[in-house]
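A look at the structure
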Amino acid sequence: MEQIQTGIGGERDSEVGNEDLELPLFDLVAVTTATKNFCSANVIGEGGFGSVYKGVLPNRKEIAVKRLSKYSGQCLKELKNEIVLIFKLQHRNLVKLLGCCLEGEERMLIYEFMPNASLDYFIFDPSRNASLAWKNRFEIAMGISRGLLYLHQDSRFRIIHRDLKTSNILLDSDLNAKISDFGLAKSFGGDQMEGKTKRVIGTYGYMSPEYTADGKYSVKSDVFSIGVIILEIISGRRNRKFRHLEHHHNLLGHAWLLWNEGKALELMDERLEESFSESQVLRCIQVGLLCVQKLPEDRPTIASVVFWLENEGLVLPQPKQPVFL
């Protein structure tokens, strides 16, 4: 494996993107062999960029290979952005980038392999979500929050992920959460706190209302997304596909109605009934609702989210009504 310097600049508002990085370069033959010639049986993920393959190196180390299916300008731009942002980030709750493969028209990122796939693979599948007890779900919510705290506050640059969702939360062999997919992420330097784009890209159901409507994004956009994820972890239901016989609200609206009626525990996935902690579940629901409030200024910082989740017995603010639809 060689070391290469990649002089790959990000967008103008991404200051970290102007650096050269010494990035491990994987040989195309080695990656092709590791994935058994990109065999369809080795596909472990799909996206707009292409496919993710499982591979095994000669030293038996398992890897995940993110391969661009088309050499489009936008996909390449997002791949460069991901390389620049994530390679220098080191945190136990962020997926680790091992290197890349850039030969001919091949553009691939090589990551550590996550044997338990993504969070959505577990919590939305009736045959699998019973294996995630409340203790596991709470630790996953904590892990995502700590990873986001690092991005927003403790890394060299303030990084806005912009595409937090359950399919971008990977789980290792011990079910530790790892935030992945930084193709849409933005980095802020100095005192910059928010940005705006005319090209709104993300996943409906997780995007904050100000980003969806006006293209405005900030740390509070990510806080909205993690609020949705926390409520999905508790309920085992998808926000966007949620249906109820008595109303037409999404999962956020349903959680809000139950909270106001003093029936918040009814939101909980019934498979958790033998493993849950009532005080933790109620605190997580309250934190989730605080995160998905309509106005960014009403939402907490991720530092507050971590503090509230870690400490029982705290008196939390009362959430305001979220955006239902």
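Before any of the text, the structure's been laid out above.
All figures in this text were calculated on a predicted structure; none of them were measured in a lab. (Residues numbered from 1 in each chain as written. Predicted model: local features only at pLDDT ≥ 70, side-chain atom pairs only at ≥ 80, totals over all residues. Heavy atoms only, no water.)

Details of helix α7 (residues 251-260)
- Within α7, eight of the 10 residues are buried, leaving the element largely enclosed by the surrounding structure.
- Turning to α7, its buried residues number three or more, namely L251, L252, G253, H254, A255, W256, L258 and W259.
- If you follow the buried residues of α7, they end up packed against α6 (219-235) and α8 (278-291).
- N-cap assignment for α7: the residue whose side-chain oxygen lies 3.2 Å from the backbone N of L252 is N250. (Buried < 20%, exposed > 50% of the residue type's maximum accessible area, 1.4 Å probe, protein only. Helix = DSSP H or I, 4+ residues; strand = E, 2+ residues; numbered from the N terminus. Contact = heavy atoms within 4.5 Å. Polar contact = N/O pair within 3.5 Å; in protein donor to acceptor, adjacent residues only side chain to side chain.)

Considering empty space enclosed by the protein
- Evaluated as defined, the whole model comprises one cavity of 30 Å³ or more.
- Put simply, the largest cavity is a space of about 50 Å³.
- Taken together, R162, Y206, M207, S208, Y211, Y217, S221, D222 and S225 make up the full set of residues lining the largest cavity.
- Per-element tally for the lining of the largest cavity: the top contributor is α6, with three residues.
- Considering only residue class, the lining of the largest cavity consists of four nonpolar, three polar and two charged. (1 Å grid on protein atoms, 1.4 Å probe; cavity = no way out; pocket = protein on both sides within 12 Å on 5 of 7 lines; lining within 4 Å. Points joined across faces, edges and corners; volume = space filled by probe spheres on them. Nonpolar A, V, L, I, M, F, W, Y, C, P; charged D, E, K, R; others polar.)

Comments concerning the nonpolar core
- L119, I144 and I285 are the most contacted members of the largest nonpolar core, which has 81 residues in total.
- Sorting elements by how many residues they give to this core places helix α4 (residues 134-154) first, with 10 residues.
- Setting aside its immediate chain neighbours within four residues, I144 contacts L119, I169, A177, I179, I226, I229 and I233.
- Residues Y53, I63, C101 and I110 belong to the second largest nonpolar core, which totals 12 residues. (Core = buried A, V, L, I, M, F, W, Y, C linked by side-chain atoms within 4.5 Å.)

Some words on the environment of Q280
- Its location among the elements puts Q280 in helix α8.
- For Q280, a relative accessible area of 16% puts it in the buried group.
- The spacing of Q280 and A177 is 103 residues in sequence and 18 Å in space, taken between C-alpha atoms.
- Those residues in contact with Q280 that lie beyond four places of it in its chain are W134, F138 and E312.

Observations concerning the environment of M268
- By the secondary structure assignment, M268 is in the loop between α7 and α8.
- Counting along the chain gives 17 residues from M268 to I285, while the straight-line C-alpha distance between them is 9.1 Å.
- If near-sequence neighbours (up to four positions away) are discounted, M268 is found in contact with I234, S235, E273, F276 and V281.

A closer look at unusual backbone geometry
- In this structure, N37 takes a positive phi of about 60° despite not being glycine.
- With respect to the helices, strands and loops of the structure, N37 is situated in the loop between α1 (28-34) and β3 (43-47).
- Within the chain, D181 stands out as a residue other than glycine whose phi angle is a positive 60°.
- Inspection of the secondary structure puts D181 in the loop between β10 (177-179) and β11 (186-188).

With respect to the state of the cysteines
- Within this structure, the stated rule accounts for zero disulfides.
- No disulfide involves C101; its sulfur sits 7.5 Å from that of C100, the nearest cysteine.
- Looking at C101, the relative accessible area reads 0%, which means it is buried. (Disulfide = S-S within 2.5 Å.)

Observations concerning the side chain of E112
- Examined against the element boundaries, E112 turns out to sit in strand β7 (residues 106-112).
- Only 2.8 Å separates the side chain of E112 from the backbone nitrogen of K96, close enough to count as a polar contact.

With respect to the pattern of salt bridges
- By the definition in use, this model includes 14 salt bridges.
- A salt bridge links R137 to D269, with the shortest nitrogen-to-oxygen separation between them at 3.2 Å. Of this pair, R137 sits in helix α4 while D269 sits in the loop between α7 and α8, placing them 132 residues apart in sequence.
- Classification of D269 as buried rests on a relative accessible area of 3%.
- Residues joined by salt bridges that share partners form a network here, namely K66, E82 and D181. (Salt bridge = Lys/Arg side-chain N within 4 Å of Asp/Glu carboxyl O.)

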